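The chain contents come next:
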Amino acid sequence: MIKVEHLVHTYEGGNSPALRAIDLEIEEGEYVAIIGPIGCGKTTLIKHLNALLIPTEGNVWVDGMNTKDTRLAGEIRQRVGMVFQNPDNQIVGMTVEEDVAFGPENLRLPPGEIRRRVTEALEAVGMGSYAQRHPHTLSGGEKRLVTLADVLAMNPSYIALDEPTSSLDPAGREMVLTLLRGLNKQGIAMIHVTHNMDEITGADRIIVMEDGRIVLSGTPGEVFSGV
Amino acid sequence: MGYKLGQYIPGSSLVHRLDPRVKIAAVMLVSITVLRADAFIVVAVTILLAGITFIARLSLAHLLRAVRPLVIFFALIFLVHLFFFTPGAPSPLPLATYEGLYRGAILTWRFVFLILSAAILTMTTLPSELISGLERCLRPLRPLGIPSHDVAVMVSIVLRFVPTLLQELDQIKEAQMARGADFKAGNLLARMKRVSSLVIPLIRNSILRAEEVAMGMEGRGYRRGPRTYMRELRMTPSDYIILALLVILTGLGVYRW
Amino acid sequence: MGRAATGISTRGMVFAAIFAALTAVGAFIAIPLIGLVPISLQTLFVHLAGALLGSRLGALSQFIYVLVGVMGLPVFAGGASGLGVLLGPRGGYLIGFIIGGGYLTGRLVERRKKPGFLWIAISCVAGLVVIYILGVLQLSIVADLPVTGALAVGVVPFLIGDAIKIIAATFITLKLRGMIKV
């Protein structure tokens with residue numbers, strides 16, 4: 001379980017906090033959508049979930065581990081995979097398979113285990129035949145799938161995604177959403193940040209943010225009737 | 001975008017299959033030998049490289065392509081030696097001496113070897129294997145504070161992003177030409193302005209990119225220091241034999257100095 | 001770089017790597033100059049690495065750039081690569097990129113809290129002088145040329161281009177330095 005307790009975040013040099021007292025719990029296997037206008041703090045919030053940001057006030061617990069404890073950062077980042085908005089800047093390997101291997105290599109797994117996870121992760125996103133391709137030859141949609149394989153290779157319990165379908169065509173968008181639902185069915189919790197209402201009708205829970213606060217939270221039925 | 005990552009030419013020859021560490025060592029050793037080579041060593045190394053080229057199934061055209069970027073520079077050095085800075089008995093060519101011809105030829109030939117031996121390495125080794133080899137070769141330097149793991153990661157980022165940055169540069173250029181910018185006309189100041197209008201967006205985007213790449217790497221559990229690797233390197237008996245041969249040959253070459 | 005490298009963050013590493021990549025890209029861009037051979041933008045990025053990243057990261061970025069080229073990837077001027085380039089007549093310039101362009105320029109820029117146009121330009125010139133000293137030394141030793149010959153082949157043809165690149169590098173540094181917080 002991820003537990004966010006009274007989280008406040010102020011960026012260095014910022015006048016007003018980007019997050020003002022967030023309280024949130026995310027269960028294992030849940031599909032949570034976070035929605036809100038640009039600048040509402042949703043990206044800042046998910047960066048806290050895998051210790052990329054440390055709370056100015058309050059606490060974030062991932063499976064009982066406090067993100068403020070820097071010694072636990074490696075473990076936390078293995079449990080919570082992050083998928084950022086621009087896939088191009090998340091791919092650091094020279095080839096697709098080397099990129100997917102990057103995470104497991106950071107976890108210091110033995111070579112055979114890394115190879116096995118890379119193959120499995122690429123199969124899971126349907127990119128098995130792209131293993132040797134160079135990233136700059138891939139389309140936007142294909143890059144997005146590689147970044148999903150990147151986090152899957154780390155065997156996460158949760159995946160936080162920042163606008164994972166932005167800049168995709170409708171077909172690519174549908175493919176990614178289907179994939180996310182499939183992974184969620186296999187037990188991986190999804191924390192899906194978006195500004196697109198259509199994408200989140202299947203979520204277990206919708207969280208609406210505004211100006212660094214959670215203003216509404218509930219099932220899609222509850223939230224949409226409230227809007 | 002036609003940029004090719006390296007010059008790798010796929011194959012399954014003995015040279016292709018050698019451990020990258022052995023190949024890197026080979027290039028180092030040949031380079032050292034050639035640096036002070038006399039005519040005898042030059043001939044010996046020529047035969048050696050010809051043999052390796054044959055075994056690796058590379059063609060003369062491949063080798064020429066590797067030398068081409070430096071041809072003008074080599075020609076310049078050769079001519080300078082031929083016509084100027086070498087005293088000696090005059091030759092049938094005006095201003096030139098036989099000593100100049102000899103020295104110019106040996107010097108130029110040496111540089112061609114340096115380039116060729118490195119080119120054969122990259123033509124027969126995948127970039128990712130090269131990085132693995134490099135990382136292993138740098139490991140003994142770790143006690144000196146040179147972190148081989150981090151160096152390997154940085155090299156890999158360079159290779160990953162050079163093609164992307166070239167694509168981006170093309171896009172910026174197209175966008176500005178669509179707005180009527182002409183990169184070939186105008187006075188010096190105008191051209192400088194236009195180059196800045198090309199370079200500034202490129203750097204600006206690169207800075208933003210670097211921030212995101214670093215964030216993405218940390219999000220995937222990267223921290224400086226030891227990590228494991230998917231690719232394993234294993235020396236086979238043939239690797240050891242070839243390494244031993246190379247060391248002996250280099251020893252003989254250096255002995256002649 | 002030795003001990004210096006141990007205190008560098010992931011962000012610092014990525015910045016150094018991206019500027020190494022930019023230096024490689026610079027070697028591919030050539031601008032036509034009136035009545036002269038086209039000049040490549042490579043040294044523009046060498047100056048920028050030092051002036052924008054500072055001494056440690058600037059030197060690191062150029063070290064990585066040279067390393068990538070030495071490994072055989074075609075990132076040196078004209079698409080050349082390999083250990084041969086480093087040991088060959090032009091190798092001194094590459095060492096100069098690390099010591100002069102990366103380290104010295106960065107070091108000088110760091111000496112002032114908010115360096116102005118003149119100071120940045122002077123820092124770049126100082127870096128360039130080191131690049132040329134090392135370049136000419138190696139050229140004259142390796143190619144067996146007297147220093148005057150090395151200067152004629154290895155410095156004089158590039159001076160106008162260098163002046164232009166240093167002015168451009170200074171403007172760009174002033175414009176973009178606020179973006180980098182390493």
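All values reported here derive from a predicted model rather than from experimental measurement.

A closer look at the overall build of chain A
Part 1 of the argument: Tallying secondary structure elements over chain A gives 7 helices and 10 strands in all.
Part 2 of the argument: Taken over C-alpha atoms, the radius of gyration comes to 17 Å for chain A, in line with the 17 Å a tight globule of 227 residues would show.
Part 3 of the argument: With respect to the three principal axes, the spread of C-alpha positions in chain A is 45 × 40 × 35 Å.
Part 4 of the argument: Out of the 227 residues belonging to chain A, those deemed buried represent 57%.
Part 5 of the argument: About 9,200 Å² of surface is accessible on chain A, with carbon and sulfur atoms providing 50% of the total.

Considerations on the overall build of chain B
Part 1 of the argument: Assigned secondary structure in chain B consists of 10 helices and 0 strands.
Part 2 of the argument: Counting from the amino terminus, helix and strand elements in chain B follow one another as α-α-α-α-α-α-α-α-α-α.
Part 3 of the argument: Looking at chain B as a whole, 52% of its 257 residues are labelled buried.
Part 4 of the argument: Within chain B, residue pairs in contact and separated by at least 24 positions form 72% of the contacts whose partners lie at least 6 positions apart.
Part 5 of the argument: Accessible area of chain B: about 12,400 Å², with a carbon and sulfur share of 69%.

Observations concerning the packing of aromatic side chains
Aromatic ring pairs are described here by two measures, namely the spacing of the ring centres and the angle between the planes.
Part 1 of the argument: On inspection of all chains with the given rule, the structure shows 6 aromatic pairs over all chains.
Part 2 of the argument: Relative to B:F113, the ring of B:W109 lies with its centre 5.4 Å away and its plane at 55 degrees, an arrangement referred to as tilted. Separated by 4 residues within a single helix, B:W109 and B:F113 lie in helix α6 (residues 98-124), roughly one turn from each other.
Part 3 of the argument: When the centroid spacing of 5.6 Å and the interplanar angle of 75 degrees are considered together, the rings of C:Y65 and C:F76 count as edge-to-face. Linking C:Y65 in helix α3 (residues 42-70) with C:F76 in the loop between α3 and α4 (83-87), this pair joins segments that are 11 residues apart in sequence.
Part 4 of the argument: Overall, the relative accessible area of 1% leaves C:Y65 in the buried class.
Part 5 of the argument: Put simply, the rings of C:Y65, C:F76 and C:F97 pair up and form one aromatic cluster.
Part 6 of the argument: Looking at B:R160, its charged tip hangs above the ring of B:F161, at a distance of 4.3 Å from the centre.
Part 7 of the argument: The aromatic ring of C:W119 is capped on one face by C:R112, whose charged end is 3.9 Å from the ring centroid.

Quick look at the pairing of strand β7 (residues 158-162) of chain A
Note on strand geometry: in a regular strand, side chains alternate between the two faces of the sheet.
Residue and element names in this part refer to chain A.
Part 1 of the argument: Across the 5 residues that make up β7, a large majority, 5, are buried.
Part 2 of the argument: Neither face of β7 is left uncovered, since the one carrying Y158, A160 and D162 and the one carrying I159 and L161 both have all their residues buried.
Part 3 of the argument: Strand direction decides the pairing type here: β7 and strand β8 (residues 189-194), joined by 5 bridges, are parallel. The residue bridging Y158 from the neighbouring strand is A189, located in β8.
Part 4 of the argument: What joins β7 to β8 is helix α6 (residues 170-185), and the crossover it makes is right-handed.

Notes on the side chain of A:N50
Part 1 of the argument: Tracing the chain through its elements places A:N50 in the loop between α1 (42-49) and β4 (57-62).
Part 2 of the argument: For A:N50, the side chain forms a polar contact with the main-chain oxygen of B:G219, separated by 3.3 Å.
Part 3 of the argument: Not counting residues within four places of it along the chain, the set of residues in contact with A:N50 comprises A:I76, A:R77, A:V80, A:M82 and B:G219.

Considerations on the interface of chain B and chain A
Part 1 of the argument: Taken together, the contact pairs 32 residues of chain B with 34 residues of chain A.
Part 2 of the argument: In total, about 3,200 Å² of surface goes out of reach between chain B and chain A, with carbon and sulfur atoms giving 55% of it.
Part 3 of the argument: Considering only the surface of chain B that becomes buried against chain A, B:R160, B:R220 and B:M230 emerge as the three largest contributors, covering 31% of it.
Part 4 of the argument: Between the two partners, chain B and chain A, sit 6 salt bridges.
Part 5 of the argument: Here B:R209 makes a salt bridge to A:D88, at a shortest N to O gap of 3.4 Å.
Part 6 of the argument: The interface formed by chain B and chain A includes 22 residue pairs in polar contact (both at pLDDT 80 or more).
Part 7 of the argument: In terms of residue class, the side of chain B that touches chain A is made up of 15 nonpolar, 8 polar and 9 charged.

A closer look at the domain arrangement of chain B
Residue and element names in this part refer to chain B.
Part 1 of the argument: By the assigned domains, chain B splits into domain 1 (1-137 + 231-257) and domain 2 (148-224).
Part 2 of the argument: Here domain 1 packs against domain 2, burying approximately 800 Å² in sum over the two surfaces, 83% of which is carbon and sulfur.
Part 3 of the argument: Here domain 1 and domain 2 share 0 salt bridges between them.
Part 4 of the argument: For the pair domain 1 and domain 2, the number of links is 1 residue pair in polar contact (both at pLDDT 80 or more).
Part 5 of the argument: Class assignment of the residues belonging to the side of domain 1 that touches domain 2 gives a composition of 6 nonpolar, no polar and 1 charged.

Brief notes about α3(C)
Residues and elements named next belong to chain C.
Part 1 of the argument: Look at α3: only 16 Å from first C-alpha to last across 29 residues, short of the 42 Å you get at 1.5 Å a residue.
Part 2 of the argument: If you look at α3, its biggest bend is around 140 degrees, right at G54.
Part 3 of the argument: With respect to burial, α3 is a largely interior element, 27 of its 29 residues being buried.
Part 4 of the argument: Positioned one or two residues after α3, G72 has a phi angle of 110 degrees, which is positive.

A look at the arrangement of the chains
Part 1 of the argument: Here the protein chains form 2 pairs of chains in contact, of which the pair with the most contacts is chains B and C.
Part 2 of the argument: Chain C makes no contact with chain A, the minimum C-alpha separation between the two being 10 Å.

So, the interface of chain C and chain B
Part 1 of the argument: Of the residues lining the interface, 70 residues belong to chain C; the matching set on chain B comes to 69 residues.
Part 2 of the argument: Along the contact surface separating chain C from chain B lie 1 salt bridge.
Part 3 of the argument: With its nearest N and O atoms 3.0 Å apart, the salt bridge here joins B:E211 to C:R11.
Part 4 of the argument: Summed over the shared surface of chain C and chain B, the number is 3 residue pairs in polar contact (both at pLDDT 80 or more).
Part 5 of the argument: Secondary structure elements with two or more residues in the side of chain C that touches chain B: α1 (2-6), α2 (10-28), β1 (30-33), α3, α4, α6 (117-142), α7 (147-154) and α8 (159-176) of chain C.
Part 6 of the argument: No other element matches α2(C), which puts 15 residues into the side of chain C that touches chain B.
Part 7 of the argument: Each residue belonging to the side of chain C that touches chain B can be placed in one class, and the counts come to 53 nonpolar, 13 polar and 4 charged.

Some words on the nonpolar core
Part 1 of the argument: By size, the foremost hydrophobic cluster in this structure holds 139 residues, and its most contacted members are B:V155, B:I203, B:M217, C:F19, C:L48, C:I64 and C:Y65.
Part 2 of the argument: By residue number, the principal contributor to this core is α3(C), which donates 17 residues.
Part 3 of the argument: Mapping this core onto the domain boundaries places at least three of its residues in each of domain 1 (1-137 + 231-257) and domain 2 (148-224) of chain B.
Part 4 of the argument: Those residues in contact with C:F19 that sit more than four places away from it in its chain are B:I203, C:L48, C:A49, C:L52, C:L53, C:S61 and C:I180.
Part 5 of the argument: Counting 39 residues, the second-largest nonpolar core is a separate cluster that includes A:L148, A:A149, A:I159 and A:V223.

Observations concerning the packing of helix α8 (residues 148-178) of chain B against α2(C)
Axes are the key here: two packed helices are described by the angle between their axes and the distance separating the axes.
Part 1 of the argument: Where α8(B) meets α2(C), the closest approach of the two axes is 8 Å, and the angle between their N-to-C directions is 45 degrees. Between α8(B) and α2(C), the angle is such that the two are oblique. Considering the relative orientation of α8(B) and α2(C), their crossing is right-handed. Listed contacts from α2(C) to B:D150, B:V153, B:M154, B:I157, B:V158, B:F161, B:V162, B:L165, B:L166 and B:L169 of α8(B) are C:M13, C:V14, C:A16, C:A17, C:I18, C:A20, C:A21, C:L22, C:A24, C:V25 and C:F28.
Part 2 of the argument: Its residues assigned to classes, the contact of α8(B) with α2(C) comprises 20 nonpolar, no polar and 1 charged.

Conventions and cut-offs
- Residues numbered from 1 in each chain as written.
- Chains lettered and ligands numbered in written order.
- Predicted model: local features only at pLDDT ≥ 70, side-chain atom pairs only at ≥ 80, totals over all residues.
- Heavy atoms only, no water.
- Helix = DSSP H or I, 4+ residues; strand = E, 2+ residues; numbered from the N terminus.
- Rg over C-alpha atoms; globule rule 2.2 N^0.38 Å.
- Buried < 20%, exposed > 50% of the residue type's maximum accessible area, 1.4 Å probe, protein only.
- Areas by Shrake-Rupley, 256 points an atom, 1.4 Å probe, with all protein chains shown as cover.
- Contact = heavy atoms within 4.5 Å.
- Phe/Tyr/Trp six-rings, centres within 6.5 Å; stacked < 30°, edge-to-face > 60°.
- Lys NZ or Arg CZ within 6 Å of the ring centre and 35° of its normal.
- Pairing = 2+ DSSP bridges.
- Right-handed = clockwise from strand over helix to strand, strands pointing away.
- Polar contact = N/O pair within 3.5 Å; in protein donor to acceptor, adjacent residues only side chain to side chain.
- Buried area = accessible area lost by both parts, 1.4 Å probe.
- Salt bridge = Lys/Arg side-chain N within 4 Å of Asp/Glu carboxyl O.
- Nonpolar A, V, L, I, M, F, W, Y, C, P; charged D, E, K, R; others polar.
- Domains from an automatic or database assignment.
- Expected span 1.5 Å × (residues − 1).
- Bend = angle between axes of the 7 residues up to and from the residue.
- Core = buried A, V, L, I, M, F, W, Y, C linked by side-chain atoms within 4.5 Å.
- Axes fitted to C-alpha atoms, helices over the stretch in contact; angles between N-to-C directions.
- Parallel < 35°, antiparallel > 145°, perpendicular 65-115°, else oblique.
- Left-handed = near helix turned anticlockwise from the far one by under 90°.

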